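Structural characterization, general
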Amino acid sequence: MTTAEQPPAPRKKTGRRPGGADTRRTVLEAARAEFAARGYEKASMRAIGRAAGVDAALLHHYFGSKDRLFMAAMEFPVEPEAVVALVLAGDRATVGERVAGFLLDVWEQPAALERLLALLRAAATTEQVAQLMRGFVQEELVLRIANELGLEQAELRAELMLSQVLGLAMARYVLKVEPLASATRAELVPLLAPTFQGYLGGA
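Residues numbered from 1 in each chain as written. Predicted model: local features only at pLDDT ≥ 70, side-chain atom pairs only at ≥ 80, totals over all residues. Heavy atoms only, no water.

Looking at unusual backbone geometry
Looking along the chain, the bond that leaves Glu178 and enters Pro179 is cis, with omega of 5°. Within the fold, Pro179 resides in the loop between helix H9 (154-174) and helix H10 (185-200). Phi at Gln153 is positive, roughly 55°, even though this residue is not glycine. Positionally, Gln153 belongs in the loop between helix H8 (127-149) and H9. Overall, Gln153 belongs to the exposed group, its relative accessible area being 57%. One non-glycine residue, Lys176, adopts positive backbone phi at about 55°. The topology assignment puts Lys176 in the loop between H9 and H10. (Helix = DSSP H or I, 4+ residues; strand = E, 2+ residues; numbered from the N terminus. Buried < 20%, exposed > 50% of the residue type's maximum accessible area, 1.4 Å probe, protein only.)

Following this line, the structure appears as structure tokens:
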């Protein structure tokens, strides 16, 4: 075959990288870097996609929203949507009991507890992680709950509730204060429920 008869060389592919396991890993790495550099509130899906070399549409396809991308990147053990739905669903008079039971059920899952404790320890010792977690929790949990509660000082109530939850996790699972660390779910729910009810139920 002469030079003139040779088929043209295949064109080199250009453009954004396609989806796949390697792409997902690259996206998560880019997301962690972007969230760390800019904080949760200021980080954008577009900037993360640009850093990962993919279209922002692919991020939405894989993760759906910024909060879900954050949870995947940070391996956050609880979906804020589930917490918000739990607080808002059902009788307001039993919200404290529902929340107490939900938290203890989640913490009884070893993988979820392990990741939660890792995030708590990191936030307690690293200001960058603390700022990142504050931004995420404030925007995706506290403000969303506060906007729906319809109570006086709703945002403050939601933040007090959060402080109670974090303090409980630290005392029970990190410091392992007794007898709290060894108390059963059945023992703790009736004791925790009135406190949580006071914050979120308006009582």
